[in-house]
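Below are the chains, spelled out letter by letter.
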Amino acid sequence: MTGISEDEVLHRFEGGVSWITLNRPEAMNAVTWEQRERVIALLGAASADPGVRAVVVTATGKGFCAGADLRGAPAAGERVAGDVARMIRLGAQRLITAVLDCEKPVIAAVNGTAAGIGAHLALACDLVIAAEPARFIEVFVRRGLVPDGGGAYLLPRLVGPQKAKELMFFGDAVPAAEAERLGLVNRVVPAEALEESAREWAERLAQGPTRALAMTKQLVNASLDGDRATALAAEATAQELNMGTADANEGVASFVERRTPTYLGR
């Protein structure tokens, strides 16, 4: 990709898992516009490739993502009305929606500080595993800014509106153990066990019924945005569509035949 070294976003594919690794440890992995485009493209490719069964997003060094690196953004004096909204819509919001809309389950393996858009990148993932030194920081208020990157959408759905306001109003760092208690994190592990823990979960997901997982993700993500009738109708439609997949047929057959199913992701 023009303007970005491949080394700044590492990518590997193994065992049905797409590993996306932010690699600017000297900047605590503050994400540039070019890196965002690369991650968005990799998430889109994961959706389209039937060989990809799960995704892991992680980073190198001591920081998961310290927020946005706004290199190349217009200087304040050059902005006209609409520039900032467009930048947010086409930048941070596209990154978060790429995670939410990815058709494969996405695991965040949070190795260190996740601040601002970095915190929202982690929280948009379907499962979050954090190393013990990790911290989550709604840093926007410290800069006099409004949270962006979907933060005011994501956080209340995870911790409720009152706690979300506390985190966003004060901008205090939330240690990994507290984040787990609040429901921001699924599991906290020693730093040296982070990659292996993420691999264990990703490989389990990669052996699962991929299309059923995709529809389950979509149902859960949409469940808080609509009414009960809409949710139940979506559930019935998803089940109808899923019953036509090879994996659904394999799951039912394996149950009847009392054997372990072998899912192919189709």
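Everything in this summary refers to the structure shown in the same document.

What counts, and at which threshold
Residues numbered from 1 in each chain as written. Predicted model: local features only at pLDDT ≥ 70, side-chain atom pairs only at ≥ 80, totals over all residues. Heavy atoms only, no water. Salt bridge = Lys/Arg side-chain N within 4 Å of Asp/Glu carboxyl O. Helix = DSSP H or I, 4+ residues; strand = E, 2+ residues; numbered from the N terminus. Buried < 20%, exposed > 50% of the residue type's maximum accessible area, 1.4 Å probe, protein only. Core = buried A, V, L, I, M, F, W, Y, C linked by side-chain atoms within 4.5 Å. Contact = heavy atoms within 4.5 Å. Phe/Tyr/Trp six-rings, centres within 6.5 Å; stacked < 30°, edge-to-face > 60°. Lys NZ or Arg CZ within 6 Å of the ring centre and 35° of its normal. Pairing = 2+ DSSP bridges. Axes fitted to C-alpha atoms, helices over the stretch in contact; angles between N-to-C directions.

1. Focus on the pattern of salt bridges
Under the counting rule described, the total for this entry stands at 15 salt bridges. R157 is the partner of D225 in a salt bridge, and the nearest nitrogen-oxygen pair spans 2.7 Å. Of this pair, D225 sits in the loop between α9 (210–222) and α10 (228–242) while R157 sits in helix α5 (residues 151–159); the two residues are 68 residues apart in sequence, bridging distant segments of the chain. Its relative accessible area of 43% is what places D225 among the partly exposed residues.

2. Quick notes on the nonpolar core
Counting residues in hydrophobic clusters, the biggest one holds 49 residues, and the most contacted among them are L43, V55, F64, V110 and F136. Residues within four places of V110 in sequence aside, it is in contact with F64, A122, V128, I129, A130, A131, A134, F136 and L194. Ranked by size, the runner-up nonpolar core spans 15 residues in total, among them W19, V56, I129 and L205.

3. Describing the packing of aromatic side chains
Counted according to the given criterion, the structure contains zero aromatic pairs. The side chain of R12 reaches across the aromatic face of W19, ending 4.4 Å from its centre. Above the face of the Y153 ring, R157 is positioned so that its terminal group lies 3.8 Å from the ring centre.

4. Re the sheet that holds strand β1 (residues 9–14)
Taken in spatial order, the six strands make up an open sheet running β1-β2-β3-β5-β7-β10, and their pairing is mixed. Two strands lie at the open edges of the sheet, namely β1 and β10 (187–189), each paired on one side alone. Taken pair by pair, the neighbouring strands of this sheet meet at an average axis angle of 20°, ignoring direction. As paired strands, strand β2 (residues 17–22) and strand β3 (residues 54–59) are joined by six bridges and run parallel to one another. Across the sheet, T21 pairs through a bridge with T58, a residue of β3. On the sheet, helix α8 (residues 194–206) packs against β1, β2, β3, β5 (106–110), β7 (127–131) and β10 and is oriented at approximately 165° with respect to β7.

5. Concerning the sheet that holds strand β8 (residues 135–137)
On the basis of which strands lie adjacent, the open sheet formed by four strands has the order β4-β6-β8-β9 and mixed pairing. In this open sheet, the two strands that pair with only one neighbour each are β4 (63–65) and β9 (173–175). This sheet shows a mean twist of 20° between the axes of neighbouring strands, independent of strand direction. Bridge analysis of β4 against strand β6 (residues 113–115) gives two bridges, and the strand direction is parallel. For G63, the partnering residue across the bridge sits in β6 and is T113. Across the sheet, helix α4 (residues 117–124) lies against β4, β6 and β8, angled at about 100° from β6, the strand it touches most.

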